[in-house]
Amino acid sequence: MTAQLIDGNALSRQLRSEVAQRAAALTARGHQPGLAVILVGEDPASAVYVRNKVKACEDSGVRSIFEKYDADLSEAALLARIEALNADPTVHGILVQMPLPKHIDPHKVIEAIATSKDVDGYSVLSAGELMAGLDGFRPCTPYGSMKLIESTGQSIKGKHAVVIGRSNTVGKPMALLLLQANATVTVTHSGTPDLGYHTRQADIVVAAVGRANTLTADMVKPGAIVIDVGINRKADGKLCGDVDFDGVKEVAGWITPVPGGVGPMTITMLLVNTIEAAERTAAR
Ligand SMILES: Nc1nc(=O)c2c([nH]1)NC[C@@H]1CN(c3ccc(C(=O)N[C@@H](CCC(=O)O)C(=O)O)cc3)C=[N+]21
């Protein structure tokens, strides 16, 4: 193994201890930060992530308000719950776990969340703020991925970063954050004919497609930083990312594992955004 492991659990512990201090300070002033987490339906993976989020809140002194609904909950009922949470001054962040059942329009739901409580950073306004270089909540997965890249100590400015995937929640905001950090950014996707042609030139690769073995050793420049956002379940039930970890770790300079890389950092940045939201309210 030539690559250094970028440990998302270790970085999370470090950042979450800062979150816990800020939460304690807010609580002492009568403003305990609160995060509402809404789960609709029985998707088993969603149940795991949501449990991890609620546990992370408890460990950091953030109050969690967990609401679980049956898959047949109506869209109107969900929107009404969001309205109530918008109006609740003890709730600083609202997260509706995706994916939602087919009969509920996720866009409508996201836009119903007050921008000041959009700690997922999924709303059109939050996306616009990121695009315009304004302060606002950044989506947690790309935000956490930036922290993982920064943790290598390597400067991002002038580096060539290649993002694989163009989703609204990861690929697109990731490209914007890398641009903001003065990287030269290439965004590739399922319609890119020769992915390796691009990734071989990359100093930083962020893989976010949701398909195992998308990035293999022959596609990586020696010494590159490789961030694996993928979460795929293998036939044996184990998790793996989009990167062929065993092959790529022999070529890359730095690499994130799955699990233990981006996943825990997604939750950490959710906590950071929630604290930020609570601090803004307390300052008013
Ligand atoms: N409104 C909304 N916000 C989200 O942030 C959101 C979402 N919906 N829907 C699904 C995705 C996925 N996601 C993960 C969070 C934590 C882990 C995580 O903790 N992963 C652990 C392993 C967990 C396991 O064992 O399955 C790790 O990588 O080490 C993974 C994935 C948040 N998402």
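Residues numbered from 1 in each chain as written. Predicted model: local features only at pLDDT ≥ 70, side-chain atom pairs only at ≥ 80, totals over all residues. Heavy atoms only, no water.

### Side note on the pattern of salt bridges
Inspection of the entire model under this criterion finds 8 salt bridges. Close ionic contact of Glu-276 with Arg-22 constitutes a salt bridge, the shortest N to O distance being 3.2 Å. With Glu-276 in helix α10 (residues 262–283) and Arg-22 in helix α1 (residues 8–28), the pair connects residues that are 254 residues apart, well separated along the chain. Here Glu-276 falls in the partly exposed class, since its relative accessible area comes to 29%. Classification of Arg-22 as partly exposed rests on a relative accessible area of 27%. Here Asp-59 makes a salt bridge to Lys-55, at a shortest N to O gap of 2.8 Å. (Salt bridge = Lys/Arg side-chain N within 4 Å of Asp/Glu carboxyl O. Helix = DSSP H or I, 4+ residues; strand = E, 2+ residues; numbered from the N terminus. Buried < 20%, exposed > 50% of the residue type's maximum accessible area, 1.4 Å probe, protein only.)

### Details of the nonpolar core
Grouped together as the largest cluster of nonpolar side chains are 49 residues, with contacts concentrated most on Ile-149, Leu-178, Val-206 and Ile-227. The dominant element in this core, judged by the number of residues it contributes, is α10, at 11 residues. Shared between two domains, this core takes at least three residues from each, and those domains are domain 1 (31–115) and domain 2 (140–263). With residues up to four places along the chain from it excluded, the contact list for Ile-149 reads Ile-156, Met-174, Leu-178, Ile-204, Val-206, Ile-225 and Ile-227. Formed by 17 residues, the second largest nonpolar core is a distinct cluster that contains Val-40, Tyr-69, Leu-73 and Val-91. (Core = buried A, V, L, I, M, F, W, Y, C linked by side-chain atoms within 4.5 Å. Domains from an automatic or database assignment. Contact = heavy atoms within 4.5 Å.)

### Quick word on the sheet that holds strand β3 (residues 63–69)
The strands making up a sheet associate through backbone hydrogen bonding, with each pair oriented either parallel or antiparallel. Read from one edge to the other, the open sheet built from 3 strands follows the order β3-β2-β4, with strand pairing classed as parallel. At either margin of the open sheet sits one strand with a lone partner, and together these are β3 and β4 (93–96). Pairs of neighbouring strands in the sheet enclose a mean axial angle of 15°, with direction left out of account. The pairing of strand β2 (residues 34–40) with β4 spans 4 bridges and is parallel. Opposite Ile-38, over in β4, you have Val-96 as the bridge partner. (Pairing = 2+ DSSP bridges. Axes fitted to C-alpha atoms, helices over the stretch in contact; angles between N-to-C directions.)

### Some remarks on the packing of aromatic side chains
The tally for this structure, following the rule as stated, stands at 0 aromatic pairs. If you follow Arg-138 out to its NZ or CZ, it ends over the ring of Tyr-143, 4.4 Å from the centre. (Phe/Tyr/Trp six-rings, centres within 6.5 Å; stacked < 30°, edge-to-face > 60°. Lys NZ or Arg CZ within 6 Å of the ring centre and 35° of its normal.)

### Digging into the site of the ligand
In the vicinity of the ligand lie 19 residues, with Val-96, Gln-97, Met-98, Asp-120 and Gly-260 positioned nearest. One of the backbone N or O atoms of Val-96 is found 2.8 Å from a nitrogen atom in the ligand. For the shell around the ligand, the secondary structure elements donating two or more residues are α2 (44–60), β4 and α10. Partitioned by chemical class, the residues of the shell around the ligand number 11 nonpolar, 5 polar and 3 charged. (Near = heavy atom within 4 Å. Polar contact = N/O pair within 3.5 Å; in protein donor to acceptor, adjacent residues only side chain to side chain. Nonpolar A, V, L, I, M, F, W, Y, C, P; charged D, E, K, R; others polar.)

### Description of helix α7 (residues 171–180)
Taken together, the buried positions of α7 are occupied by Gly-171, Pro-173, Met-174, Ala-175, Leu-177 and Leu-178. Elements in contact with the buried residues of α7: α5 (124–132), α6 (140–150), β5 (160–164), β6 (184–188) and β7 (204–207). Of the residues trailing α7, Asn-182 is marked for its positive phi of about 70°.

### Regarding the side chain of Thr-274
Considering the arrangement of structural elements, one finds Thr-274 in helix α10. What makes Thr-274 buried here is its relative accessible area of 0%. Of note is the side chain of Thr-274, whose polar atom sits 2.8 Å from the backbone oxygen of Leu-270. Setting aside residues no more than four positions away along its own chain, Thr-274 makes contact with Gly-34, Leu-35, Val-62, His-92 and Val-119.

### Let's talk about the UniProt feature "domain: Tetrahydrofolate dehydrogenase/cyclohydrolase NAD(P)-binding" (unreviewed entry) in the protein chain
Look at the UniProt record and you will see "domain: Tetrahydrofolate dehydrogenase/cyclohydrolase NAD(P)-binding" (unreviewed entry) annotated at residues 139–281. Secondary structure within residues 139–281 divides into 35% helix and 17% strand; the distance between the first and last C-alpha atoms comes to 20 Å. (UniProt positions renumbered as here; feature names shortened; annotations may be inferred.)

### Remarks on empty space enclosed by the protein
Enumeration over the complete set of coordinates arrives at 1 cavity of 30 Å³ or more. Estimates place the volume of the largest cavity at around 40 Å³. If you trace the largest cavity, you find it lined by Val-96, Met-98, Ile-110, Ile-113, Asp-118, Asp-120 and Tyr-122. Class assignment of the residues belonging to the lining of the largest cavity gives a composition of 5 nonpolar, no polar and 2 charged. (1 Å grid on protein atoms, 1.4 Å probe; cavity = no way out; pocket = protein on both sides within 12 Å on 5 of 7 lines; lining within 4 Å. Points joined across faces, edges and corners; volume = space filled by probe spheres on them.)

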